[in-house]
Amino acid sequence: MMKAKFFLLSLHGLFWLSSEMKQRILFVCLGNICRSPAAEAVMQQLIDRNGVGDRVAVDSAGTYGGHAGDRADSRMRRAASARGVDITHRSRQVREEDFERFDIIVAMDDNNYEALFRLAPHRDAQMKIFRFREFLRHHPDWSYIPDPYYEGHEGFELVLDLVEDGCQTMLDKILRGEDFE
Ligand code: 4NP
């Protein structure tokens, strides 16, 4: 009985702690013009629809800075817009200080993950890095978010399908007060 009480108390404590904190999420791909800005926009729409802007903030960046300042790829914007998602982000390169500013840094593929791992200034920063695939619930066959840049229209649709799946999982975790680990 004592154990159960302690457990419930701990759970309540955890929930209280989590719900008080704002979770800052950064999505990262290579160019920051296709996958990660799409993830940012889909997550922002979920945040707005659920009225949780005080608990979750989102941004995106790329490991490669060659598109810095650019709007998202027009094919990505068009495909997102057809689903009612507006991508307004301007590309920027990920930087070391992002490991201070964000709590959860999500790599779209393994190359992005490795680049982030090398950039992370210390072990606690490395612990903030996740792979997007960890949040896929309905797409068990995908272990990464494929780069659509050299693909046709289907590549962009696939990115949106995967991103909608993973973002919903992330939001559900946050709303339940669960930790990311
Ligand atoms: P993203 O796609 O990483 O999903 O933004 C790419 C965009 C541009 C390039 C590569 C991937 N590029 O090589 O220019």
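That block above? That's the structure.
In short, a report on the structure. (Residues numbered from 1 in each chain as written. Predicted model: local features only at pLDDT ≥ 70, side-chain atom pairs only at ≥ 80, totals over all residues. Heavy atoms only, no water.)

Our next topic: the packing of helix α3 (residues 74-82) against helix α7 (residues 153-175). As a packed pair, α3 and α7 sit with axes 9 Å apart at the nearest point and diverge in direction by 55°. What the angle tells us is that α3 and α7 run oblique. Between α3 and α7 lies a crossing whose hand is right-handed. From α3, R75, M76, A79 and A80 reach across to α7, where they touch H153, F156, E157, V159 and L160. (Axes fitted to C-alpha atoms, helices over the stretch in contact; angles between N-to-C directions. Helix = DSSP H or I, 4+ residues; strand = E, 2+ residues; numbered from the N terminus. Parallel < 35°, antiparallel > 145°, perpendicular 65-115°, else oblique. Left-handed = near helix turned anticlockwise from the far one by under 90°. Contact = heavy atoms within 4.5 Å.)

Attention now moves to the pairing of strand β1 (residues 23-29). In terms of burial, β1 is a largely internal element, six of the seven residues being buried. Where β1 and strand β2 (residues 56-62) come together, seven bridges link them in parallel fashion. Paired with V28 across the strands is A61, a residue of β2. With helix α2 (residues 35-50) bridging β1 and the parallel β2, this β-α-β connection has right-handed handedness. Where β1 lies against strand β3 (residues 104-107), four bridges are found, and the strand directions are parallel. Directly across from I25, in β3, lies its bridge partner I104. (Buried < 20%, exposed > 50% of the residue type's maximum accessible area, 1.4 Å probe, protein only. Pairing = 2+ DSSP bridges. Right-handed = clockwise from strand over helix to strand, strands pointing away.)

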